[in-house]
There are 2 protein chains.
Amino acid sequence: MRQVYLDYAATTPVKEEVLKEMIPFFSENFGNPSSLYTKGSASKEAIMIARRKVSSLIGADENELFFTSSGTEADDWAIIGIADALKSKGNHIITTGIEHHAVLHSCEYLAKNGYEITFLPVDKEGRVRAEDLENAITDKTILVSIMYVNNEVGTIQDIKELCRITKSKNVVFHTDAVQALGNVKINVKELGVDLMSISGHKIYGPKGIGALYIKRGTKISDFMHGGAQENKKRAGTENLTGIVGFGKAAELAELNSENHITKVTELRNYFIDQVFEKIDDVFLNGSREFRHPGNANITFEFIEGEAMLLYLDLLGISVSTGSACSSASLTPSHVLTCLGVPVEKIHGSLRFTIGDPTTKEDIDYVIEKLVEVVAKLRAISSVSKAKGW
Amino acid sequence: MRQVYLDYAATTPVKEEVLKEMIPFFSENFGNPSSLYTKGSASKEAIMIARRKVSSLIGADENELFFTSSGTEADDWAIIGIADALKSKGNHIITTGIEHHAVLHSCEYLAKNGYEITFLPVDKEGRVRAEDLENAITDKTILVSIMYVNNEVGTIQDIKELCRITKSKNVVFHTDAVQALGNVKINVKELGVDLMSISGHKIYGPKGIGALYIKRGTKISDFMHGGAQENKKRAGTENLTGIVGFGKAAELAELNSENHITKVTELRNYFIDQVFEKIDDVFLNGSREFRHPGNANITFEFIEGEAMLLYLDLLGISVSTGSACSSASLTPSHVLTCLGVPVEKIHGSLRFTIGDPTTKEDIDYVIEKLVEVVAKLRAISSVSKAKGW
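Because the structure is a prediction, the values reported are computed rather than measured.

Peer 1: Please provide a residue-by-residue account of the overall build of chain A, values included.
Peer 2: Broken down by element type, chain A carries 14 helices and 12 strands. Whereas a compact globule of 389 residues would reach a radius of gyration of roughly 21 Å, chain A reaches 22 Å, a difference of no more than 12%. Overall, the C-alpha framework of chain A stretches about 70 × 55 × 35 Å when taken along its three principal axes. For chain A, the residues scored as buried account for 64% of the 389 residues in total. Considering only contacts within chain A whose residues lie at least 6 apart along the sequence, 74% involve residues at least 24 apart. When the accessible surface of chain A is summed, it comes to about 14,500 Å², and 52% of that surface belongs to carbon and sulfur atoms. In chain A, 43 positive and 51 negative side-chain charges are present, and the distance between their average locations comes to 3 Å.

Peer 1: Tell me about the pairing of strand β3 (residues 92-96) of chain B, and please be specific about residues and values.
Peer 2: Residues and elements named next belong to chain B. Counting buried residues along β3, five of its five residues qualify, which places the element largely inside the surrounding structure. Along β3, one buried face is formed by His-92, Ile-94 and Thr-96 and the opposite face, lined by Ile-93 and Thr-95, is buried too. Relative to strand β4 (residues 116-120), β3 is paired through five bridges, and the arrangement is parallel. Considered in β4, the bridge of Thr-95 is made with Phe-119. Since β3 and β4 lie parallel, the crossover through helix α5 (residues 101-111) that links them has a hand, and here it is right-handed. Pairing geometry for β3 and strand β5 (residues 141-145), over three bridges, is parallel. Residue pairing for β5: Ile-93 is matched across the bridge by Leu-143.

Peer 1: Explain the sheet that holds strand β10 (residues 295-300) of chain A residue by residue, including any values.
Peer 2: All names here are of chain A. The strand order β9-β10-β12 describes an open sheet built from three strands, whose pairing is antiparallel. Looking at the sheet topology across the chains shown, the edges are occupied by β9 (282-285) and β12 (349-353). In this sheet, adjacent strand axes meet at a mean angle of 30° when their direction is disregarded. As paired elements, β9 and β10 share four bridges and run antiparallel to each other. Across the sheet, the residue bridging to Leu-284 is Ile-298, located in β10. Seen against the sheet, helix α10 (residues 240-278) touches β9, β10 and β12 and runs at an angle of roughly 15° to β10. Its contacts with the sheet place helix α11 (residues 305-314) against β10 and β12, and it is angled at close to 45° to β12.

Peer 1: Which residues make up the domain arrangement of chain A, and what values go with them?
Peer 2: Residue and element names in this part refer to chain A. One can read the domain layout of chain A as domain 1 (4-12 + 257-386) and domain 2 (16-255). Look at where the C-alpha atoms of domain 1 and domain 2 centre, and you get two points 28 Å apart. Contacts between the two partners involve 32 residues from domain 1, matched on the other side by 33 residues from domain 2. Of the roughly 2,600 Å² buried where domain 1 meets domain 2, counting both sides, 51% is carbon and sulfur surface. Contact with domain 2 buries area across many residues of domain 1, yet Thr-12, Phe-290 and His-292 alone supply 22% of it, more than any other trio. Summed over the shared surface of domain 1 and domain 2, the number is zero salt bridges. There are 21 residue pairs in polar contact (both at pLDDT 80 or more) connecting domain 1 and domain 2. Secondary-structure elements contributing two or more residues to the side of domain 1 that touches domain 2 are α10, β10 and α12 (334-338). At four residues, α12 tops the list of elements feeding residues into the side of domain 1 that touches domain 2.

Peer 1: Account for the packing of helix α3 (residues 38-58) of chain B against helix α10 (residues 240-278) of chain B, with residues named and values stated.
Peer 2: Residues and elements named next belong to chain B. Packing of α3 against α10 leaves a shortest axis separation of 8 Å and a crossing angle of 35°. Considering how the two elements wind past one another, α3 and α10 form a crossing that is left-handed. Of the residues in α10, those in contact with Ser-43, Ala-46, Ile-47, Ala-50, Lys-53, Val-54, Ser-56 and Leu-57 of α3 are Leu-240, Ile-243, Val-244, Phe-246, Gly-247, Lys-248, Ala-250, Glu-251, Ala-253 and Glu-254. Taken together, the residues of the contact of α3 with α10 sort by class into 11 nonpolar, three polar and four charged.

Peer 1: Let's hear about the interface of chain B and chain A: which residues, and what values?
Peer 2: You'll often see interface size given as the accessible area lost when the parts meet. Across the boundary between the two partners, chain B contributes 61 residues, which contact 62 residues of chain A. Summed over the shared surface of chain B and chain A, the number is zero salt bridges. Put simply, chain B and chain A have 19 residue pairs in polar contact (both at pLDDT 80 or more) between them. In terms of residue class, the side of chain B that touches chain A is made up of 25 nonpolar, 25 polar and 11 charged.

Peer 1: Could you give an account of the sheet that holds strand β5 (residues 141-145) of chain A, with specific residues and numbers?
Peer 2: Residue and element names in this part refer to chain A. As summarised here, the arrangement of the seven strands in space is β2-β8-β7-β6-β5-β3-β4, forming an open sheet in which the pairing is mixed. The open sheet terminates on both sides in strands that have one partner only, identified here as β2 (65-68) and β4 (116-120). Each strand of the sheet is rotated relative to its neighbour by a mean of 20°, with strand direction disregarded. Judged from the four bridges that link them, β2 and strand β8 (residues 210-214) form a sheet pairing that is antiparallel. Pairing of Phe-67 across the sheet is with Ala-211, part of β8. Where helix α5 (residues 101-111) meets the sheet, its contacts fall on β3 (92-96), β4, β5 and β6 (172-176), and the angle it forms with β3 comes to roughly 155°. Running over the sheet, helix α7 (residues 159-168) touches β5 and β6 and is turned about 155° from β6.

Peer 1: I'd love a proper account of the relation of the copies chain B and chain A, names of residues and values included.
Peer 2: Overlay of chain B on chain A (RMSD 0.0 Å): rotation 180°, translation along the axis 0.0 Å. The transformation just described matches what one would write down for a two-fold rotation axis. Considering only C-alpha atoms, the part of chain B nearest the rotation axis is Ser-69 of chain B, at 3.0 Å. Same-surface contact between copies: 100% of interface residues of chain B are shared with the interface of chain A.

Cut-off values and rules
Residues numbered from 1 in each chain as written. Chains lettered and ligands numbered in written order. Predicted model: local features only at pLDDT ≥ 70, side-chain atom pairs only at ≥ 80, totals over all residues. Heavy atoms only, no water. Helix = DSSP H or I, 4+ residues; strand = E, 2+ residues; numbered from the N terminus. Rg over C-alpha atoms; globule rule 2.2 N^0.38 Å. Buried < 20%, exposed > 50% of the residue type's maximum accessible area, 1.4 Å probe, protein only. Contact = heavy atoms within 4.5 Å. Areas by Shrake-Rupley, 256 points an atom, 1.4 Å probe, with all protein chains shown as cover. Lys, Arg positive; Asp, Glu negative; His and termini not counted. Charge placed at Lys NZ, Arg CZ, Asp CG, Glu CD. Pairing = 2+ DSSP bridges. Right-handed = clockwise from strand over helix to strand, strands pointing away. Axes fitted to C-alpha atoms, helices over the stretch in contact; angles between N-to-C directions. Domains from an automatic or database assignment. Buried area = accessible area lost by both parts, 1.4 Å probe. Salt bridge = Lys/Arg side-chain N within 4 Å of Asp/Glu carboxyl O. Polar contact = N/O pair within 3.5 Å; in protein donor to acceptor, adjacent residues only side chain to side chain. Left-handed = near helix turned anticlockwise from the far one by under 90°. Nonpolar A, V, L, I, M, F, W, Y, C, P; charged D, E, K, R; others polar. Least-squares fit on C-alpha atoms with pLDDT ≥ 70 in both.

Given below as structure tokens:
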């Protein structure tokens, strides 16, 4: 049976070239980068090269990039670290209702510890309105955290414009760019952000490695306390192979950037068009214009997304309801709720995310099976309705 | 030229069997363990198996083990998480002066945030006296954190006896067992600890993965906020390959435990005996009886450890001054300082740590070269002294 993975927003396979680059650092060049002998220097140099590659992908200087264990750690560090460093200045933080749980739960933690959090609304496409941000800023505001590209519906924010507002009010700006990396051309200097979270396993690098961009001069407290790694800002023996893999993945992403975006966008548009042509009562959630190139979040009316997901899985197709992080939970997606999608439509929503390895044949297979599965489930659903179930 | 790595306490190479076990999870079975489809379940199952193996190595139940990104994260979580969870009960924490920086710096962070920290002294062998701990506990004490095996001098504490004291006073006990894992037989239930930090890359597993044992019923706040991973206690997409590798390394460590300890102890004793026989004016730091099987921390009088380290490196030998984490710093080892070693002797100290791959031929080569290097450096040093430099 054909296997089609359409959940590249949840995680990606490590590319062959990436794994190849990592292999020597497991058992041969395994030295601790903090040690002084040659075996350690080789590791240190490998980390330096990887840092250069990842920095380059987002237009940062090398010494502004700090490796973490994940996008989640980068988000936690940015939010809790800024809150702590600037607590004498104020206790107000602004974010949105559609953020990743790493941001939302860090903010909730701070809310329990004397901070005030404003959750900005979004429009029905999932975009933050600049005037809402402008109006929310007070003289106690120390941080604004707004994600670059949403993980569920793929909506892209106008980060440059939002940064312009915070800059004029002297407020620190953080963006979770985990979903943006590799899918949107990023330049931290042009955007004007102070902090940016990114992750390796969304761009065909390994899991367990992320990074936080911290603009030079930004005052931030440490999150991971211990040894003097990462220029004394993030403790813990470096995840050498993870860093090397992230570096190679970033290099490939930068090289392939335009091809990747063009290819994935075309396949995604083809997929959406086919779904709309062949299946009735479907809706595209999010924005058509400001959208992650590989994302299609679609509501299929009158059926449960979870049932579809399991059916499709039996047919070799991997897709997701909402974000992978919360897919094991039954609460309706907080993102779709914020977009104003009615709860019954939320339950009929599926997220398809297309990646580098996806082919047109994969999409055709998924469309064929989707048509069958939707028909089957709607038949059951209408029978249920007729019987008054 | 022969290459001899004697810094296994800093980090270890990933064993062939471990890497072999990890490989399929990079690019084939790469699914996000939090997703609901089959590809995700395979990852979830691999994590379950690894958790069982790591738990088994320390005698814990599977649901008491939480994967982290490192031993440092486990230490930070234990200390900051307990401090936060029990802040209504008290603000006093007891630790020692010879802890890893992950513990010391977490305590320093807490000290800046209203907590009081007592640093217990140790005897000249590096052992904590039970009566010192007993006398330090007040009705405000919420946590005692004492490392199992010291990373620099290898001293093993009587954790069972220390736990008996904290238990009688209803105080939570955490131990950093990063250096103990695989080198001392560990059973958390027999020891009576409430929390234990461990790490993968010290037992021939990959870097970037650690774990915190949390005894069932222990009240602890989250450290990494975000998704619902690790039974909702530690957010962030699981480091799938890291976890699988840690699991395999733990399985091998448990299987080889006795052989490993016997072999390494014999080589270590042979090494120490040879050094004492062939080189004058040397001292063994730490305890002879309560000692990490592979550790030899030796002071060579009248010379600089750093100079020796660099000379040995040129001869293909990797050793360390103090801990790898602080080896790039010039401040004298805080551990040797606590043991009462005079500062000039601290500067002449080297840490040799023996591991599984070490052979008697390796040791003979190191002894031969040590004799030469010490003679050479002492000659320069005596010339310098004679000239009044």
